[in-house]
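Here's the letter readout for the chains.
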Amino acid sequence: MVAYGAEQRVRLPALRADWLTQTFVHWPFRPEAVQALLPGGLVVDEYEGAAWVGLTPFVMSDVRPPCVPASLAAGVLTFAETNLRTYVRHRDGRDGLWFLSLEVAFPPMLAARVVGAPYNPGTLHVSTEGDTVSYSGFRWIGDASYRLVVRPGGPIEPTERDVWLTSRWRAYTRRLGILWETPVEHEPWPLADADICVLEETLTAAAGLREAPLGEPLVHFSEGVRYVRLGPSRPCFPERAQLS
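Residues numbered from 1 in each chain as written. Predicted model: local features only at pLDDT ≥ 70, side-chain atom pairs only at ≥ 80, totals over all residues. Heavy atoms only, no water.

J.: Even after reading the chapter, I still don't get the overall build of the chain, so can you show me in this structure?
T.: Along the backbone of the chain there are five helices and 13 strands. Rg of the C-alpha trace for the chain: 17 Å, near the compact-globule value of 18 Å for 244 residues, within the 12% margin. The C-alpha extent of the chain, read off along each of the three principal axes, is 55 × 45 × 40 Å. Across the 244 residues that make up the chain, the buried fraction comes to 50%. Restricting to contacts in the chain with at least 6 residues of sequence separation, those with at least 24 account for 72%. Counting every atom, the chain has about 11300 Å² of accessible surface; 55% of that belongs to carbon and sulfur. Computing the positive centroid from 23 side-chain charges and the negative centroid from 28, the chain places the two 9 Å apart. (Helix = DSSP H or I, 4+ residues; strand = E, 2+ residues; numbered from the N terminus. Rg over C-alpha atoms; globule rule 2.2 N^0.38 Å. Buried < 20%, exposed > 50% of the residue type's maximum accessible area, 1.4 Å probe, protein only. Contact = heavy atoms within 4.5 Å. Areas by Shrake-Rupley, 256 points an atom, 1.4 Å probe, with all protein chains shown as cover. Lys, Arg positive; Asp, Glu negative; His and termini not counted. Charge placed at Lys NZ, Arg CZ, Asp CG, Glu CD.)

So, in structure tokens, the structure goes:
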């Protein structure tokens, strides 16, 4: 069962940050359609017989090395990011995220491509006006783009499905034929209901997912989590999977 709180401590983080003003938009898809986009060693993690793909725009705030306190980093490195992700299990049975694409407004994040993180530099915006939150972005290379406007509602007590869709504690990437795992630790997401006012996107098609979803999107909003700790990425060698 996917855990609501972090499954492991990240005692020696490679990076600290706050993830703020985040919206989760999730669509159900045929598992076969999503599995076709995954590398060997990973299988689609299903909920109620469907694979789920999430569009998750947010603000990456106070990004800093582990040795720099938040008080010194406040407002220095803050930028927008948007992830298109799905949910997977490794051959050792552990669940995690697989990123179909990562849009970012801070080009130095492209360094994460060394472990296969599919970052794309672009122009991204996040803004709040009245009772709505707006996100938009387009890639500098290619024509993938999105525009999302949501109206957050009141806080909710997360259901099992809400936890399954939002609470994952490792991400998998692939580079040079090797799967890599990046652990993460943060407080549980404080979730609220949200309504979609505008949704236009071509990220799913650009990622190779060209068929229609099985149903309408599910939407959640979160003010965010602070003191996020990202651990160093490490290779998932077969020997490690057998010993887990």
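Resuming the write-up.
J.: Whenever I open this one, the pattern of salt bridges confuses me. Can you help?
T.: Where side chains of opposite charge bring their charged atoms close, a pairing between them can arise. Counted under the stated rule, the structure contains 16 salt bridges. Put simply, Arg 30 and Glu 32 hold a salt bridge, and the shortest N to O gap is 3.4 Å. Given the relative accessible area of 53%, Glu 32 is considered exposed. (Salt bridge = Lys/Arg side-chain N within 4 Å of Asp/Glu carboxyl O.)

J.: Sorry, what's going on with a nonpolar patch on the surface here?
T.: Together, Phe 138, Trp 140 and Ile 141 give the surface a local cluster of nonpolar side chains, amounting to about 400 Å² of exposed area. Along the polypeptide, Trp 140 turns up in the loop between strand S7 (132-139) and strand S8 (145-155). (Patch = residues over 30% accessible without salt bridge, like charges linked within 9 Å, V, L, I, M, F, W, Y side chains within 5 Å.)

J.: What am I meant to see in the pairing of S7 here?
T.: Moving residue by residue along a regular strand, the side chains alternate between the two faces of the sheet. With eight bridges connecting them, strand S6 (residues 119-129) and S7 associate as antiparallel partners. Bridge pairing in S7 places His 125 opposite Ser 136. Connecting S6 to the next strand, S7, in antiparallel fashion are two residues, including Gly 130 with a positive phi near 65°. The antiparallel pairing of S7 with S8 creates a hairpin that spans five residues between the two strands, and Gly 142 there sits at a positive phi of about 95°. (Pairing = 2+ DSSP bridges.)

J.: It is not clear to me how the environment of Met 60 should be interpreted in this structure. Could you clarify?
T.: Inspection of the secondary structure assignment puts Met 60 in strand S3 (residues 51-64). Setting aside residues up to four positions removed in sequence, Met 60 forms contacts with Ala 17, Asp 18, Trp 19, Leu 77, Thr 78, Phe 79, Glu 81 and Met 109.

J.: What's the story with the environment of Arg 168 in this structure? I'm lost.
T.: Relative to the helices and strands, Arg 168 resides in the loop between helix H3 (160-166) and strand S9 (170-175). The class of Arg 168 is buried, set by a relative accessible area of 4%. Between the C-alpha atoms of Arg 168 and Ala 3, which are 165 residues apart in sequence, the distance is 7.5 Å. Those residues in contact with Arg 168 that sit more than four places away from it in its chain are Val 2, Asp 45, Tyr 87, Val 88, Asp 95, Gly 96, Leu 97 and Val 184. Side-chain polar atoms of Arg 168 contact the side chain of Asp 45, separated by 3.1 Å. (Polar contact = N/O pair within 3.5 Å; in protein donor to acceptor, adjacent residues only side chain to side chain.)

J.: I would appreciate a short explanation of the pairing of strand S1 (residues 15-29) in the present structure.
T.: Of all the 15 residues making up S1, 13 are buried; the element is thus mostly covered by neighbouring parts of the structure. Pairing of S1 with strand S12 (residues 218-230), which is carried by 10 bridges, proceeds in the antiparallel orientation. Across the sheet, residue Phe 24 finds its bridge partner in S12, namely His 220. Across nine bridges, the pairing between S1 and S3 is antiparallel.

J.: Help me out: how do you make sense of the packing of aromatic side chains in this one?
T.: Aromatic rings in a pair are described by how distant their centres are and how their planes are angled relative to each other. A full pass over the atoms with the stated rule returns six aromatic pairs. Aromatic pair Phe 79 and Phe 106: ring centres 4.8 Å apart, planes at 15°, arrangement stacked. A residue pair is termed long-range when its members are at least 10 positions apart, and Phe 79 in strand S4 (residues 79-90) and Phe 106 in the loop between strand S5 (95-104) and S6 qualify at 27 residues. Taking relative accessible area as the criterion, Phe 79 reaches 7% and is therefore assigned buried. Here Phe 106 falls in the partly exposed class, since its relative accessible area comes to 23%. (Phe/Tyr/Trp six-rings, centres within 6.5 Å; stacked < 30°, edge-to-face > 60°.)

J.: Sorry, what's going on with the nonpolar core here?
T.: Here is a general trend for soluble globular proteins: nonpolar side chains tend to be buried in one another's company. Among the nonpolar cores identified, the biggest contains 31 residues, and Val 34, Val 53, Trp 98 and Tyr 135 are the most heavily contacted of them. Those residues in contact with Trp 98, other than ones at most four positions away along the chain, are Leu 37, Leu 38, Pro 39, Leu 42, Leu 84, Arg 85, Thr 86, Val 88, Tyr 172, Thr 173, Arg 174 and Leu 179. (Core = buried A, V, L, I, M, F, W, Y, C linked by side-chain atoms within 4.5 Å.)

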